[in-house]
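# Descriptive analysis of the structure
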Amino acid sequence: MRGKARRTAAAALALAATAPMLSACFEEPSAHEAVRDFLIGWQTGDYAAAARRTDGDQKVVSRALEDAKLQLDAASFRFNVKSMRRAADEVEADFDAEVDLGENNPLWEYEGKLPLHLVDGQWKVRWSPSVLHPQLREGERFAVKVIPEGRQPILDRNRDPLQEKAVLHVASVVPANLKSGQADELCEKLSKITGFPQDRLLSRIRSAPPNLQVPLVTFGRTKFGQLRSQLEAIPGITLSAQEQAVAPASPTQIVGTVTAVTPESEQQLGGPQRAGDTVGRAGLQKAYQEHLTGSTDTRVITVDLKTLKVTELKKWRPDRSTSPVQTTLDRSHQKAADSALLGGTPGMLVAVQASTGDVLAVSSTEQYNQERHALAGRFPAGTAFSIMTVEGMLRAKIDPKQKVACPADRSVGGAVFHQEGVPAGGSPTIQANFATGCVTALAALARRINGSELAADAAKFGIGAPWTLPLRSFSGSMKPLKNDAATAKAITGQNVLVSPLSMALVAGAVASGTWRPPVLVTEPRTADPTTDAKPSKVPDPVKLDDKTVETLRTFMRSGVTAGSARAAAALGDPVHGITAVASQNRKPLAWFVGWQGDVAVAVLAQSADATAGAAVAGRFFQGLHAGL
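Being a predicted model, the structure only gives us computed values, none of them experimental.

Throughout the structure, instances matching the rule amount to 25 salt bridges. Note that Glu 391 is salt-bridged to Lys 460, the shortest N-O span being 3.0 Å. With Glu 391 in helix H14 (residues 390-395) and Lys 460 in helix H17 (residues 451-460), the pair connects residues that are 69 residues apart, well separated along the chain. Residue Asp 457 is joined to Lys 460 by a salt bridge in which the shortest nitrogen-to-oxygen separation is 3.8 Å. Of the two residues, Asp 457 and Lys 460 both sit in helix H17, three residues apart, roughly one turn of that helix. For Asp 457, a relative accessible area of 2% puts it in the buried group. Residues participating in the shared-partner salt-bridge network are Glu 391, Arg 395, Glu 453, Asp 457 and Lys 460.

Structural data, given as structure tokens:
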């Protein structure tokens, strides 16, 4: 048995059980029976039985009881008799009423009175509209006025909205303008066209104030275009265009799309979804749906059918308020990132604030998804992983100025490594090999770097850290390093998977001297609006070894001044960074990992040109300096 049915049955039993107790109050046993029969008939929908216990016209009373349920869009009524008093040939019964307003959510509780008198020797309820509610008068009706709060915005770090105006189309009616029976026909046709249940559409019309516009269904531009001619053919329907701030600004896939409520989403979400409500379909709009919308102001009113005067009987503010979502995203950085990727090469860029871990920008070309790839993608790190080998190198007392050849091919522990575009001249130093990302030279370090210690060093840079974001994300992973071959593959990033976000955080760790977990949303603290929801545990920042940081900063500065990352150079603070190459599914990839000032970036470009990522980074830094 469903919850509402159980409440109805339990209430009927409770009311019946009250009758023997009340019967002791009177010599005649029928006064409490009249009260009992009337309230049970009303409560269970047997309006004819209830009407027979009144002195009114039975058809009028039965219709009034039925109309009360329809006008309140009530799922159920529940009554409890508190007391009965007799004075001569009249009785007055006090009762508590509880009305489940169904789609409108609140339980409406009020105190009512039933006046009774003897008619031909039988106790009858003295009928008037005040039997339904003490404030209901002749010529008035109930109505439920629902005022939903608009969808809250998603904000950037400066509290500017990350949504733009979009046109939604609303099909609505004014109940008072509909002829008798027209509402049923209208809702039947609208249901066939849209898929929304006919009974729910009809109940919204019946329960609304008759003189007010009642929105029934909201459509996006595409859906409205498909259905417009059919909608225009329904008599009584009014179609209007409304602007709402629901179109995502950049980064669109992080902010997420919003659509009007559909029959499918209405069923999935549950609760009081109404026409005009919007549903987040992706990104932060979906993750924070319960915070951004769903808060409704509900009022039970009476309406004078002649003067249209309204009397408020009860008002509910929502149990929870909707709230905007405050992000760390920065419009200026996002604009610079989007502009930097206009060069034609497929790729993506993630920028973070080095000193905080705040995500400032997430951008991608159409070949990549900002959430699925830039935040949560799993890509080979290439020699960008060599950043995490420097502490092990210093621990092994390897001199950065030591010369190590950069041949076209090298075998380490049986694993063969290849370097494209071998540099001319003598053997370069380790620092120079780092700056150019020489695969074969860096692989040679595996013989002197401890594999288990390398894994621990990588963890200091957040690889594999258990941080979480409200959207999908990936902190990185690496396979166990059981021999020199596995260690060499790790140093050259061949058995290490990372995301652009995780590598931007690596760059930020070197820039600031401390690795920090990423932050994308600062408020609300959780995507779950329930009061007992607790935020996920955030990993603690990790301070890096001072000597390691100093060495890395030197190495990464040389990557821009003398290495393969020259294209990242820009006006302003010195740019630090390195490039790396990798491949996945036979597609060549080009990394840039570095920073300028307090802005750390990772760029991953789909290109055989090892400098492609650095070129994107350079355009990004130049854009920031130019104030794009």
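Every buried residue belonging to helix H12 (residues 331-340) is among His 333, Gln 334, Ala 336, Ala 337 and Ala 340, and all of these are buried. Burial along H12 is one-sided: seen end-on, the buried residues are contained in an arc of 165°.

The next subject is the side chain of Thr 440. Structurally, Thr 440 is set in helix H16 (residues 439-443). Owing to a relative accessible area of 0%, Thr 440 belongs among the buried residues under this scheme. Looking at Thr 440, its side chain comes within polar contact range of the main-chain oxygen of Pro 407, at 2.7 Å.

Glancing now at the state of the cysteines. Scanning all chains against the criterion turns up one disulfide. For Cys 406, the disulfide goes to Cys 438, at an S-S distance of 1.9 Å. Looking along the S-S bond of the Cys 406-Cys 438 disulfide, the torsion reads about 105°, which is the right-handed sense. Of this pair, Cys 406 sits in the loop between H14 and strand S18 (409-412) while Cys 438 sits in the loop between helix H15 (430-436) and H16, and the two are 32 residues apart along the sequence. Take Cys 406: its relative accessible area is 8%, and that puts it in the buried class. Judged by relative accessible area, Cys 438 falls into the buried class, the value being 1%.

It is worth spelling out the sheet that holds strand S3 (residues 107-119) at this point. The antiparallel open sheet is built from four strands, whose spatial order is S1-S2-S3-S4. The strands lining the two open edges of the sheet, one partner per strand, are strand S1 (76-87) and strand S4 (122-125). Between one strand axis and the next, the sheet turns by 25° as a mean value, whatever way the strands run.

One open sheet accounts for three strands, arranged S8-S7-S9; its pairing is antiparallel. The open sheet has two free edges, formed respectively by strand S8 (214-219) and strand S9 (238-248), since each of these has just one partner strand. Averaged over all pairs of adjacent strands, the angle between their axes in this sheet comes to 40°, without regard to strand direction. Bridge count between strand S7 (residues 163-173) and S9: ten bridges; the pairing is antiparallel. Opposite Ala 171, over in S9, you have Leu 239 as the bridge partner. Of the strands in this sheet, S7 and S8 touch helix H5 (residues 182-194), which is tilted by about 20° from S8. Helix H7 (residues 221-232) contacts S7, S8 and S9 of the sheet and is inclined by roughly 130° relative to S8.

Right, let's get into the packing of aromatic side chains. Applying the stated criterion across every chain yields a total of eleven aromatic pairs. Ring centres of Phe 219 and Phe 224 lie 6.4 Å apart, and the angle between their planes is 45°; on these two criteria the pair is classed as tilted. When sorted by exposure, Phe 219 lands in the same class as Phe 224, which is buried. Members of the aromatic cluster, connected to one another through ring pairs, are Phe 38, Trp 42, Phe 77, Phe 79 and Phe 95.

Here helix H2 (residues 30-44) spans 20 Å end to end across 15 residues, near enough to the 21 Å set by a 1.5 Å rise per residue. Within H2, the full set of buried residues consists of Ser 30, Ala 31, His 32, Ala 34, Val 35, Phe 38, Leu 39, Gly 41, Trp 42 and Gln 43. The positive-phi residue at the C-terminal boundary of H2 is Gly 45, with phi of around 85°.

Here we take up the pairing of strand S13 (residues 310-316). As paired strands, strand S12 (residues 296-304) and S13 are joined by six bridges and run antiparallel to one another. Looking at the pairing, Val 303 lines up with Val 310 of S13. The turn joining S12 and S13, which pair antiparallel and follow one another in sequence, is formed by five residues; a positive phi near 65° is taken by Leu 308.

This part takes up the confidence of the model for the chain. Averaged over all residues, the pLDDT of the chain equals 89, while 90% of them reach at least 70. Counted against residues more than four places away or in other chains, residues 1-28, with its pLDDT under 50, gives 33 contacts.

Rules behind the numbers
- Residues numbered from 1 in each chain as written.
- Predicted model: local features only at pLDDT ≥ 70, side-chain atom pairs only at ≥ 80, totals over all residues.
- Heavy atoms only, no water.
- Salt bridge = Lys/Arg side-chain N within 4 Å of Asp/Glu carboxyl O.
- Helix = DSSP H or I, 4+ residues; strand = E, 2+ residues; numbered from the N terminus.
- Buried < 20%, exposed > 50% of the residue type's maximum accessible area, 1.4 Å probe, protein only.
- Arc of directions from axis to C-beta.
- Polar contact = N/O pair within 3.5 Å; in protein donor to acceptor, adjacent residues only side chain to side chain.
- Disulfide = S-S within 2.5 Å.
- Pairing = 2+ DSSP bridges.
- Axes fitted to C-alpha atoms, helices over the stretch in contact; angles between N-to-C directions.
- Contact = heavy atoms within 4.5 Å.
- Phe/Tyr/Trp six-rings, centres within 6.5 Å; stacked < 30°, edge-to-face > 60°.
- Expected span 1.5 Å × (residues − 1).
- pLDDT = per-residue confidence, 0-100.

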